[in-house]
Amino acid sequence: MLTKKQLELLKLLHTKIEENGIPPSFDEMKDELKLKSKSGVHRLISALEERGYISKLPYRARAIEVVKLPTALQRDASELRQVVGRKVAETARAVAGSAIAQLPLMGRIAAGTPIEAISHEEARIGVPESLVGSSGNHYALLVSGESMTGEGILDGDTALIKSQNIADDGEIVVALVDREEATLKKFYRKEGRIILEAANPAYPTQIYSPERVEIQGRLVGLLRSYH
């Protein structure tokens, strides 16, 4: 028999993995369950693992899979799959009727440690216009790294970027550091500094003086291949 909090965590894990393909971060679990510290999350995860409801995958950060669900959650999961299925079908119909925009594929962008600045066009890719909108200039970048997995951005994804040189706090941006290195991060301003924040606790927050950082675009969409 699971406690209320154990059941809440199991439901949260299952829902997020179904929706995003990855479990929530420990901070997200703590906030969702209204716990005071991440140690409470660790205890709940250990209890679920001991009871055979989840397993932790070795050698991978934040890798948890749900092994089984109680009967009540199985019913909820079935309803969720039906809702997701309807949304996928609606999206497919919308994409099928959408015009195609040809975007320049500008190379790789690091969702982790900054890498060489993006400065050249490698190819062009067709993207449904419904994903990027009809206004503004857009380009695509291949994502390299795992620092933004908490936002559902995975290594190998194609990031769709709207060109702009300003950003609001909390937006995911392409930031050029020292005119040499580009990275994909959440953007914040605080106390006269620029903060580039990862969405993975394994990666440190980067803090710079404003003159060292240029915004080159804002994330507006993602493409993912399962091949």
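Criteria and thresholds
Residues numbered from 1 in each chain as written. Predicted model: local features only at pLDDT ≥ 70, side-chain atom pairs only at ≥ 80, totals over all residues. Heavy atoms only, no water. Core = buried A, V, L, I, M, F, W, Y, C linked by side-chain atoms within 4.5 Å. Buried < 20%, exposed > 50% of the residue type's maximum accessible area, 1.4 Å probe, protein only. Helix = DSSP H or I, 4+ residues; strand = E, 2+ residues; numbered from the N terminus. Contact = heavy atoms within 4.5 Å. Salt bridge = Lys/Arg side-chain N within 4 Å of Asp/Glu carboxyl O.

*Asks:* What am I meant to see in the nonpolar core here?
*Replies:* As a rule of thumb, soluble globular proteins bury nonpolar side chains together. With 17 residues, the main nonpolar core has I109, L141, V143, I153, I161, V174 and L184 as its most contacted residues. When contributions to this core are tallied by element, the ones reaching two or more residues are β3 (100-110), β6 (138-144), β7 (158-162), β8 (172-177) and β9 (181-190). Discounting chain neighbours no more than four positions away, the residues touching V174 are I109, Y139, L141, I161, T183, L184, E214, I215, Q216 and G217. With 16 residues, the next largest nonpolar core counts L10, V41, I45 and L48 among its residues.

*Asks:* How should I be thinking about the pattern of salt bridges in this particular structure?
*Replies:* Between side chains of opposite charge, a pair can form when the charged atoms approach closely. Scanning all chains against the criterion turns up 10 salt bridges. For K5, the salt bridge identified is with E8, shortest N-O distance 3.5 Å. Pair noted here: K5 and E8 are both in helix α1 (residues 4-20), with a separation of 3 residues, about one helical turn. Owing to a relative accessible area of 31%, K5 belongs among the partly exposed residues under this scheme. Residue E8 is classed as partly exposed on the basis of its relative accessible area of 29%. In this structure, D157 engages R224 in a salt bridge whose closest nitrogen and oxygen atoms are separated by 2.7 Å. In this pair, D157 is assigned in the loop between β6 and β7 and R224 in the segment after β12 (213-223), connecting sequence segments 67 residues apart. Under the relative-accessibility criterion, D157 is labelled buried at 2%.

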